[in-house]
Amino acid sequence: MSDQFNYKLVTPEKIYLEGDAQMVVLPGAEGDLGVLPNHSNIITSLRPGIIKVTNSDQTQSLFVEEGFINQGSASASEIVAGALQDHKRAIILQLLMPLMKPKK
């Protein structure tokens with residue numbers, strides 16, 4: 001069993017990122033979703049939030065406004081995003097997001 005899978009992060013303009021990852025964490029419509037190698041097939045929409053792509057030597061964070069994931073096979077995943085921001089903005093937004101949640 002492989003410890004990585006191929007992913008492709010696509011925007012309307014271009015293929016933004018692609019390569020092999022150990023894990024991709026996505027802000028799914030129903031909650032955060034972790035995609036690992038040999039994940040079952042899934043299609044779901046994305047809410048605004050942080051995408052984290054982890055490979056053997058680094059984790060990259062990106063902010064996505066909207067999109068969907070199509071995990072069509074155990075070895076490939078396509079993430080279609082409406083808009084992405086660089087990792088510096090993603091880190092800032094990740095810090096601010098807990099402050100924007102309604103208090104109970």
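Higher on the page you've got the structure.
In this text the structure is predicted, and so the values were computed from the model without any measurement.

> It is not clear to me how the overall build of the protein chain should be interpreted in this structure. Could you clarify?
A tally of regular secondary structure across the protein chain gives one helix and 10 strands. From first element to last, N terminus to C terminus, the protein chain shows the α and β order β-β-β-β-β-β-β-β-β-β-α. Across the 104 residues that make up the protein chain, the buried fraction comes to 32%. Contacts spanning at least 24 positions in sequence make up 48% of the contacts within the protein chain whose residues lie at least 6 apart. Carbon together with sulfur atoms contributes 53% to the accessible area of the protein chain, which is approximately 6,400 Å² in total.

> Got a minute to help me understand the nonpolar core in this structure?
For soluble globular proteins, the rule of thumb is that nonpolar side chains tend to be buried together. Val24, Leu26 and Ile51 are the most contacted members of the largest nonpolar core, which has 15 residues in total. For this core, the elements supplying multiple residues, two or more each, are β1 (5-10), β2 (15-21), β3 (23-28), β4 (31-35), β6 (49-54) and β7 (59-64). The biggest single contributor to this core is β1, with three residues.

> Even after reading the chapter, I still don't get the pattern of salt bridges, so can you show me in this structure?
When their charged atoms lie close together, side chains carrying opposite charge are able to pair. What the rule picks out here adds up to one salt bridge. Notably, a salt bridge pairs Asp32 with Arg47, separated by 2.9 Å at the nearest N-O pair. Residue Asp32 is found in strand β4, and its partner Arg47 is found in the loop between β5 (42-46) and β6; the two are separated by 15 residues along the sequence. The class for Asp32 is exposed, based on a relative accessible area of 58%. By relative accessible area, Arg47 is classed as partly exposed at 30%.

Procedures and definitions
Residues numbered from 1 in each chain as written. Predicted model: local features only at pLDDT ≥ 70, side-chain atom pairs only at ≥ 80, totals over all residues. Heavy atoms only, no water. Helix = DSSP H or I, 4+ residues; strand = E, 2+ residues; numbered from the N terminus. Buried < 20%, exposed > 50% of the residue type's maximum accessible area, 1.4 Å probe, protein only. Contact = heavy atoms within 4.5 Å. Areas by Shrake-Rupley, 256 points an atom, 1.4 Å probe, with all protein chains shown as cover. Core = buried A, V, L, I, M, F, W, Y, C linked by side-chain atoms within 4.5 Å. Salt bridge = Lys/Arg side-chain N within 4 Å of Asp/Glu carboxyl O.

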